[in-house]
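Survey of secondary and tertiary structure
The primary structure of each chain is shown beneath.
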Amino acid sequence: MDHFTYIDGQLHAESVPLSRIAEAAGTPTYVYSTATLVHHYRTFADAFAGQNATICYAVKANSNQAVIATLARQGAGADVLSEGELRRALKAGVPAAKIVFSGIGKSRREIALALEAGVGQINVESEPELELISALASARGAMAPIAIRVNPDVDAKTHEKITTGRKENKFGIALARAPEIYARAAALPGIEAVGVAIHIGSQLTELGPFGDAFTLAAGLVETLRGAGHPIRRLDLGGGLGIPYRDETPPSPADYAALVRETTGHLGVELVLEPGRLIAGNAGILLTRVLYVKQGTAKSFVVVDAGMNDLMRPALYDAWHRIVPVVEPAMGAPTAAVDVVGPVCETTDIFGHDRILPMLECDDLLAIRSAGAYGAVMASTYNTRPLVAEVLVKDDALAVIRARQDMAELLAMDRIPAWLGDESQ
Ligand code: LLP
C-alpha cells in the first residue's frame, strides 16, 4: 500500500499534487511519502512483535537523512556499509547501539570510526578483516561486538546482479569454514563474537530461499553454541521483495512467521535489515516530457530524467511503472511508446512499449517504485547535476536535498598549472 493516488484527476503524494512539487522543486525530482515509509516500517516491525527483533533499516536503499530520521523516530536502527552511511545514520538520530556496520571492504578508517562511535555490531566478511578489527579494537582497549557473515550457498532466485548468498559471490565466509573462524575470533583480543549474520540477496519474491538460509544459519548457531561460543544474536539481512509490476512477494507477516519457525527455538536476538521493502514504493521519480518523437519503428517520449538519475532499468533491466500525473479520461486514446531519457546511451530507457495517453511536451510523468536504490545510485554522467529530493507529509512538502548546483559541480574539476589559465 502506498500514498500516491489520483485525487480529482491529479496524481498526489499524500495530499500534495505532484504538479505543485514540480513547480516548487523543478524536475526531475524524487518525491517520497512519509505515510508510506511509516506504513511499511510499521507493517514490518509489527509482524515481528513478540519476537526479540531489532529492525535495522538498510540505509543503502535510501540514505537521505530525512528518510532515516523518519524511520528512526519509529524506532528503527540502521544497517550501514560505509563511513558516509554511518555518519548519516548518526546525524539522523539513530542510536549507535542500533547500528550494524556491514560491508565486504571496510577501510581501517571506517573500522576505527565504527569502534569510536560504539556501533552495536560489525559484520565481518573475511579473516583479514577480523584480524584488523581485533588489532584496532585492542589498541583502543575496546571490545568489538562482531557477527561473522556466512555465505550459505543458497540461490535467492532473484536477478543475478542482486544475488549475494551463493558460493561464487564475493560476500561472507563459507558456512563450512565458520566454526574455524569463530574459534579464531574467540582467541583474538578485542573481539566479542556476538552473532551470526547472513544476507542472501535482494528483491526475493519467494519464501523458499529464505527458509533454506535461515535453517542453515540456525543450525550454525547450534553448532557454535555446542563448541562453547555464546552466540546470542542472529542477523538475517534484508531482501524481502516488493511489487514493481505483478510480483506477489510474501507478506511481512508470512516472512516473520518463517523466521519464528526456523529460529524461534534458539532464543536469539534477531536483527533484520530491510531496505527496499520500506523505501521502494514510498518514492517516485517525477519527470517532465521534453519531446514526443515519432521514429520509423517506434514512438519515443523523451523525458528530462535519465539513466544517471535512476539506474535500475539500465543496470538490471528493472521494470518500473510509468504513469501520467494527469489522470487520463476514461476511453481517452492511448499509444505504445518507449519512454527514454536524454543520456547518450542506448540503455537510457525507462520503459519499452508502454501504453500511455497521448502525451505532449511539458506533461508530467511519475516513475513509480523509485524510493529504493534510486537517488542513492544516481551519478552526474553527462554532467547532469544530481536531482532534488522532496519529502511529503500530509499536505506539507519539504525539499530534503537541493538540486545539485551546476556551478558547484563544474568547480570540482581543477585545471593543473601546466595548462595555464586559458580555459578560465
Ligand atoms: N543487508 C545487506 C547486507 C545488503 O547487502 C542489502 C542489500 C540489504 C540488507 C538490503 O536489502 P533489501 O531489503 O533492500 O533487498 N541496487 C539493487 C539492490 C542491491 C541490494 C544490495 N544489498 C537494486 O536496485 O535492485
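Please read all numbers here as calculations on a predicted model, not as lab measurements.

Overview of the overall build of the chain
Across its full length, the chain carries 12 helices and 21 strands. In terms of C-alpha radius of gyration, the chain reaches 23 Å, essentially the compact-globule figure of 22 Å for 424 residues. On the principal axes, the C-alpha backbone points of the chain span a range of 70 × 60 × 40 Å. Residue burial in the chain is summarised as follows: out of 424 residues, 53% are buried. Taking the contacts inside the chain whose residues are at least 6 apart along the sequence as the reference set, 70% of them involve residues at least 24 apart.

Details of the domain arrangement of the chain
With domains assigned, the chain is organised as domain 1 (4–31 + 280–410) and domain 2 (34–276). Computed from C-alpha coordinates alone, the two centres of domain 1 and domain 2 are separated by 32 Å. Taken together, the 22 residues of domain 1 in the interface contact 22 residues of domain 2. The contact between domain 1 and domain 2 buries some 2000 Å² in all, and 53% of this surface belongs to carbon and sulfur atoms. Looking only at domain 1, the three residues that lose the most surface to domain 2 are Tyr 316, Trp 319 and Tyr 373, adding up to 28% of its buried area. For the pair domain 1 and domain 2, the interface holds 0 salt bridges. Where domain 1 touches domain 2, the interface holds 10 residue pairs in polar contact (both at pLDDT 80 or more). Sorting the residues of the side of domain 1 that touches domain 2 by element identifies helix 11 (312–316), strand 20 (388–393) and strand 21 (396–401) as the ones contributing at least two each. For the side of domain 1 that touches domain 2, a count of residues per class yields 10 nonpolar, 6 polar and 6 charged.

Notes on helix 6 (residues 127–140)
Here helix 6 spans 20 Å end to end across 14 residues, near enough to the 20 Å set by a 1.5 Å rise per residue. Of the residues making up helix 6, those classed as buried are Glu 129, Leu 130, Ile 133, Ser 134, Leu 136 and Ala 137. Buried-residue contacts for helix 6 involve helix 5 (108–117), strand 8 (121–124), strand 9 (144–151), helix 7 (178–187) and strand 11 (191–197). Where helix 6 begins, the side chain of Ser 126 points an oxygen toward the backbone nitrogen of Glu 129, at a separation of 3.3 Å. Two residues or fewer past helix 6, Gly 141 is found with a positive phi of approximately 70 degrees.

Digging into the site of the ligand
Neighbouring the ligand are 18 residues; Ser 202, Glu 273, Arg 312, Tyr 316 and Tyr 373 lie closest to it. A distance of 2.6 Å separates an oxygen atom of the ligand from a polar atom in the side chain of Tyr 373. For the ligand, whose unbound accessible area comes to 590 Å², protein coverage reaches 91%. Residues of the shell around the ligand, tallied by class, amount to 6 nonpolar, 6 polar and 6 charged. The two domains that each donate at least three residues to the shell around the ligand are domain 1 (4–31 + 280–410) and domain 2 (34–276).

Considering helix 9 (residues 252–263)
Helix length check: helix 9 (12 residues) gives 16 Å between terminal C-alpha atoms against 16 Å at 1.5 Å per residue, within 8%. Listed in full, the buried residues belonging to helix 9 are Pro 252, Tyr 255, Ala 256, Leu 258, Val 259, Thr 262 and Thr 263. For helix 9, the buried positions fall inside an angular range of 155 degrees around the axis, keeping them on one side.

What to know about the pairing of strand 17 (residues 334–340)
The sheet contact formed by strand 15 (residues 299–303) and strand 17 spans 3 bridges and is parallel. Bridge pairing links Val 301 to Val 339 in strand 17. As paired strands, strand 17 and strand 18 (residues 349–357) are joined by 6 bridges and run antiparallel to one another. Pairing of Ala 336 across the sheet is with Ile 355, part of strand 18.

Side note on the pattern of salt bridges
Applying the stated criterion to the full structure yields 18 salt bridges. A salt bridge links Asp 79 to Lys 60, with the shortest nitrogen-to-oxygen separation between them at 3.3 Å. With a gap of 19 residues between them, Asp 79 in strand 6 (residues 77–80) and Lys 60 in the loop between strand 5 (53–58) and helix 3 (65–72) connect regions that are remote in the sequence. Note on Asp 79: relative accessible area 2%, which makes it buried. Its relative accessible area of 27% is what places Lys 60 among the partly exposed residues. Measuring nitrogen to oxygen at the nearest pair gives 3.4 Å for the salt bridge that ties Glu 389 to Arg 401. In this pair, Glu 389 is assigned in strand 20 and Arg 401 in strand 21, connecting sequence segments 12 residues apart.

Quick look at the sheet that holds strand 3 (residues 16–17)
Pairing within the open sheet is antiparallel, and its 3 strands lie in the order 1-2-3. Edge positions in the open sheet fall to strand 1 (4–7) and strand 3, since each of these has one partner strand only. In this sheet, strand 2 (residues 10–13) lies alongside strand 1 in antiparallel orientation, the contact comprising 4 bridges. Its bridge partner being in strand 2, Tyr 6 is matched across the sheet by Leu 11.

About the criteria used
- Residues numbered from 1 in each chain as written.
- Predicted model: local features only at pLDDT ≥ 70, side-chain atom pairs only at ≥ 80, totals over all residues.
- Heavy atoms only, no water.
- Helix = DSSP H or I, 4+ residues; strand = E, 2+ residues; numbered from the N terminus.
- Rg over C-alpha atoms; globule rule 2.2 N^0.38 Å.
- Buried < 20%, exposed > 50% of the residue type's maximum accessible area, 1.4 Å probe, protein only.
- Contact = heavy atoms within 4.5 Å.
- Domains from an automatic or database assignment.
- Buried area = accessible area lost by both parts, 1.4 Å probe.
- Salt bridge = Lys/Arg side-chain N within 4 Å of Asp/Glu carboxyl O.
- Polar contact = N/O pair within 3.5 Å; in protein donor to acceptor, adjacent residues only side chain to side chain.
- Nonpolar A, V, L, I, M, F, W, Y, C, P; charged D, E, K, R; others polar.
- Expected span 1.5 Å × (residues − 1).
- Near = heavy atom within 4 Å.
- Areas by Shrake-Rupley, 256 points an atom, 1.4 Å probe, with all protein chains shown as cover.
- Arc of directions from axis to C-beta.
- Pairing = 2+ DSSP bridges.

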